[in-house]
Amino acid sequence: MFNTFKRFENFGHSLNAPGYRILARATDDIRAAFDLAKKRGLTVAARGAGRSYNDASLNGGGIILDLSAMNLIQSWNPATGVVRAEPGVTLEQLWQKIEPDGWWPPVVSGTMKTTMGGCLSANIHGKNNFKMGTFGEHVIEFSAILPTGAEVTCSPKKNADLFHAMIGGYGMLGIFTSVTLQMKRLHSGLLSVDAYPAPNLRRHLFALQDGAPDHDYIVGWMDTFAGGSSLGRGQIHAARHLREGEDPKPQETMKLTNQILPPYIFGVFPKSLLHRFMKPFANNIGWRMVNLAKYVASLPKHTFRQSHAAFHFLLDYVPNWELSYGRGGLIQYQSFLPKETAESAWAEMLSLSQKRGMPAFLGVTKRHRPDKFLLTHAVDGFSLALDFKVTDATRPQMRDMLQEFDRIVVAGGGRFYFAKNSETTAETALAFYGEETVKKFKRLKKRCDPNGLLESDLYRRIFG
Ligand SMILES: Cc1cc2nc3c(=O)[nH]c(=O)nc-3n(C[C@H](O)[C@H](O)[C@H](O)COP(=O)(O)OP(=O)(O)OC[C@H]3O[C@@H](n4cnc5c(N)ncnc54)[C@H](O)[C@@H]3O)c2cc1C
């Protein structure tokens, strides 16, 4: 039944682990994988598109249950905006199906390559988290196979405890087989985007908090190299959907041909080669220059219209950009802090990374609101995602620094997102989830998975 034994990597190529791959094509294959694991004394971890930055879809020495071939959009109703999809359907498949009918997914990640199963398991957030909440908040119902072989259907009312624990549960309780979601109505294929600079951390956070009163999305880019009175400076993008009547030709702007990201830059140069040209700049000097140039270019405030795909999936503009970080790959560290403590915590972290000569190359900020999911990462505040280059030589110092960041975040009442951080320990996870939450999760784990078949490297790291 095993398709291959191979080495799997995280998205950032900073981690890898060998595993037996089983490609599931139907729900019976999922049950068969659990049976096989039980017989052979192995564990099983689900994998969608493998876009997590950490060990969430790695399982050293165990089975990797690949759900990417279960990728059918089972039903789509353009009158109500309700879609039902298998777990391997990607956000790319989804938006390309619904957008020409005037709908858009309510929450998307910064890449369109993620799958429904991955988005549910991590309970992803978008640039509209402060307004629309997480992916899970738009789920009408899902079905899943538990490691016992039982099939469950969950909604906010039916099996509500499982609904709130499996969404955001990183595939540790069961395998999603189908999800029904409510999409969001559009009146145009374009967004109106306001772009303006923020000269320091305080103004940056102030802009995230108050800069989008009538907007649907807000996101900040941070110059992680700037210090002193410019620490935390950056650029804010606040965007809003066009209202009915604002776009004279909505049918035209919603056409796929006007949304799909072009494969060439300047009309001739293949974007798939761009990451090779970025590689020589992937060092402190190169990225300091890139950050400075980006800040200077951001100075004049301006407003423009942009397609949904271009606004949301900026990172997909440069395919394989993560390879430009070199052999050691990259670690993304994302911390979520309440609005009261974010400024002091991030000032400390940014200064520390600069002092240690390991500044992040890229920093992205967002605004958030809390949600009701058991293993939630959200807060009433902000998040900062930092991309760090790793080499064999810097890996131990990097780990020390990120664990120091963890202490700062926990002291500030913050939280972590386990689609990203790869260095956070079980002790830290217990400190921010709290004993009651961890106990509740473990009780559910025992109920759904009495033989402990579902495990990933992430599970072993944060739940011990
Ligand atoms: C460039 C980039 C930008 C990103 N931007 C954002 C962002 O803006 N917001 C955000 O929230 N996240 C973001 N992410 C993170 C990403 O959305 C999550 O890591 C997501 O889980 C990846 O989906 P995947 O299909 O690749 O899942 P994988 O990485 O393959 O798996 C993720 C988790 O889901 C579990 N899983 C997968 N399928 C199933 C299933 N069918 N049943 C049960 N469990 C399953 C896996 O076991 C694992 O724990 C970004 C990632 C990248 C690479």
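Our subject in this report is the structure included herewith.

What counts, and at which threshold
Residues numbered from 1 in each chain as written. Predicted model: local features only at pLDDT ≥ 70, side-chain atom pairs only at ≥ 80, totals over all residues. Heavy atoms only, no water. Pairing = 2+ DSSP bridges. Helix = DSSP H or I, 4+ residues; strand = E, 2+ residues; numbered from the N terminus. Axes fitted to C-alpha atoms, helices over the stretch in contact; angles between N-to-C directions. Contact = heavy atoms within 4.5 Å. Near = heavy atom within 4 Å. Polar contact = N/O pair within 3.5 Å; in protein donor to acceptor, adjacent residues only side chain to side chain. Areas by Shrake-Rupley, 256 points an atom, 1.4 Å probe, with all protein chains shown as cover. Nonpolar A, V, L, I, M, F, W, Y, C, P; charged D, E, K, R; others polar. Parallel < 35°, antiparallel > 145°, perpendicular 65-115°, else oblique. Left-handed = near helix turned anticlockwise from the far one by under 90°. 1 Å grid on protein atoms, 1.4 Å probe; cavity = no way out; pocket = protein on both sides within 12 Å on 5 of 7 lines; lining within 4 Å. Points joined across faces, edges and corners; volume = space filled by probe spheres on them. Domains from an automatic or database assignment. Phe/Tyr/Trp six-rings, centres within 6.5 Å; stacked < 30°, edge-to-face > 60°. Buried < 20%, exposed > 50% of the residue type's maximum accessible area, 1.4 Å probe, protein only. Lys NZ or Arg CZ within 6 Å of the ring centre and 35° of its normal. Arc of directions from axis to C-beta. Salt bridge = Lys/Arg side-chain N within 4 Å of Asp/Glu carboxyl O.

## So, the sheet that holds strand β6 (residues 82-85)
Thinking step 1. On the basis of which strands lie adjacent, the open sheet formed by five strands has the order β5-β6-β10-β8-β9 and antiparallel pairing. A strand with exactly one partner marks an edge of an open sheet, and here the two such strands are β5 (73-77) and β9 (151-154). Neighbouring strand axes in the sheet, compared pairwise and without regard to direction, differ in orientation by 10° on average.
Thinking step 2. Two elements, β6 and strand β10 (residues 175-182), share four bridges in a ladder whose sense is antiparallel. Note that in β10 the partner of Val-83 across the bridge is Leu-181.
Thinking step 3. Where helix α2 (residues 91-98) meets the sheet, it contacts β5 and β6, and its direction lies at approximately 30° from that of β5.

## Examining the site of the ligand
Thinking step 1. Around the ligand, a shell composed of 35 residues is seen, among which Ala-46, Arg-51, Ser-52, Thr-115 and Tyr-417 lie nearest.
Thinking step 2. Arg-51 is positioned such that a nitrogen or oxygen atom in its backbone is 2.7 Å from an oxygen atom of the ligand.
Thinking step 3. Within the contact set of the ligand, an oxygen atom lies 2.9 Å away from a backbone nitrogen or oxygen of Gly-118.
Thinking step 4. Starting from 970 Å² of accessible surface for the ligand in isolation, the protein chains cover 98%.
Thinking step 5. Of all the secondary-structure elements, those providing two or more residues to the shell around the ligand are β3 (44-47), α3 (116-122) and β10.
Thinking step 6. Here the shell around the ligand takes four residues from α3, the largest share from any one element.
Thinking step 7. Residue classes in the shell around the ligand are distributed as 16 nonpolar, 15 polar and four charged.

## As for the packing of helix α11 (residues 342-355) against helix α12 (residues 395-411)
Between two packed helices, both the angle of their axes relative to each other and the distance between the axes serve to describe the pair.
Thinking step 1. Their axes nearest at 10 Å, the elements α11 and α12 cross at an angle of 165°. Between α11 and α12, the angle is such that the two are roughly antiparallel. Relative to α12, α11 is oriented so that their crossing is right-handed. Counted together, Ala-345, Glu-348, Met-349, Leu-352 and Ser-353 of α11 and Met-401, Glu-404, Phe-405, Ile-408 and Val-409 of α12 form the full contact between these two elements.
Thinking step 2. For the contact of α11 with α12, the class distribution of residues is seven nonpolar, one polar and two charged.

## Digging into the pairing of β5
Thinking step 1. The sheet contact formed by β5 and β6 spans four bridges and is antiparallel. When the sheet's bridge partners are listed, Ser-75 is paired in β6 with Arg-84.
Thinking step 2. Here β5 folds back onto β6 in antiparallel fashion, the turn holding four residues, of which Gly-81 has a positive phi close to 80°.

## Observations concerning the sheet that holds strand β14 (residues 234-241)
Thinking step 1. Taken together, the eight strands give an open sheet; going across it, the order is β17-β12-β14-β13-β19-β20-β18-β21, and neighbouring strands pair in antiparallel fashion. For this open sheet the edge positions go to β17 (302-307) and β21 (415-416), each flanked by a neighbour on one side alone.
Thinking step 2. Here two bridges tie strand β18 (residues 330-338) to β21, and the two strands are oriented antiparallel to one another. Pairing of Phe-336 across the sheet is with Arg-415, part of β21.
Thinking step 3. Sheet strands in contact with α12 are β18, β20 (381-389) and β21, and its direction is about 10° off that of β18.

## Quick word on empty space enclosed by the protein
Thinking step 1. Scanning all chains against the criterion turns up one cavity of 30 Å³ or more.
Thinking step 2. In this structure, the largest cavity spans a volume of roughly 30 Å³.
Thinking step 3. Forming the boundary of the largest cavity are Asn-123, Ile-167, Gly-168, Phe-373, Leu-375, Thr-376 and His-377.
Thinking step 4. A breakdown of the residues in the lining of the largest cavity according to their chemical character gives three nonpolar, four polar and no charged.
Thinking step 5. Counting contributing residues, the lining of the largest cavity receives three or more from each of domain 2 (73-185) and domain 3 (190-427).

## Remarks on the packing of aromatic side chains
Thinking step 1. This model, assessed by the stated rule, comprises 28 aromatic pairs.
Thinking step 2. Taken together, a centroid distance of 5.7 Å and an interplanar angle of 50° make the contact between Tyr-459 and Phe-463 tilted. Pair noted here: Tyr-459 and Phe-463 are both in helix α15 (residues 457-463), with a separation of four residues, about one helical turn. Both residues of the pair, Tyr-459 and Phe-463, count as buried.
Thinking step 3. Each member of the aromatic cluster is reached from another via a ring pair, and the members are Tyr-170, Tyr-333, Phe-388, Phe-405, Phe-416, Phe-418, Phe-432, Tyr-433, Phe-441, Tyr-459 and Phe-463.
Thinking step 4. Taking NZ or CZ as reference, Lys-6 lies 4.8 Å from the ring centre of Phe-8, over its face.
Thinking step 5. Over the face of the ring belonging to Phe-311 we find Lys-127, whose NZ or CZ atom lies 5.6 Å from the ring centre.

## Section: helix α6 (residues 201-210)
Every α-helical turn comprises 3.6 residues, leaving residues that sit three or four positions apart pointing alike.
Thinking step 1. Residues of α6 that are buried include every one of Leu-201, His-204, Leu-205, Ala-207 and Leu-208, and no others. Down the axis of α6, the sector holding all buried residues measures 155°, keeping them to one side. Among the exposed residues of α6, those pointing more than 90 degrees away from its buried face are Arg-202 and Phe-206.
Thinking step 2. Regarding α6, its N-cap is Asn-200, as a side-chain oxygen of that residue lies 3.3 Å from the backbone nitrogen of Arg-202 further along.

## A word on the pattern of salt bridges
Thinking step 1. Within this structure, the stated rule accounts for 18 salt bridges.
Thinking step 2. With a shortest N-O distance of 2.8 Å, Asp-55 and Arg-461 are connected by a salt bridge. Here Arg-461 lies in helix α15 and Asp-55 lies in the loop between β3 and β4 (63-66), a separation of 406 residues in the sequence. Both residues of the pair, Asp-55 and Arg-461, count as buried.
Thinking step 3. In this structure, Asp-392 engages Arg-327 in a salt bridge whose closest nitrogen and oxygen atoms are separated by 3.2 Å. Taken together, the residues span a long stretch of sequence, with Asp-392 in the loop between β20 and α12 and Arg-327 in the loop between α10 (308-312) and β18 at a distance of 65 residues. Of the two residues, Asp-392 and Arg-327, both sit in the exposed class.
Thinking step 4. Connected through shared salt-bridge partners, Arg-240, Arg-243 and Glu-246 make up one network.

Honestly, it's all geometry; don't read function into it.
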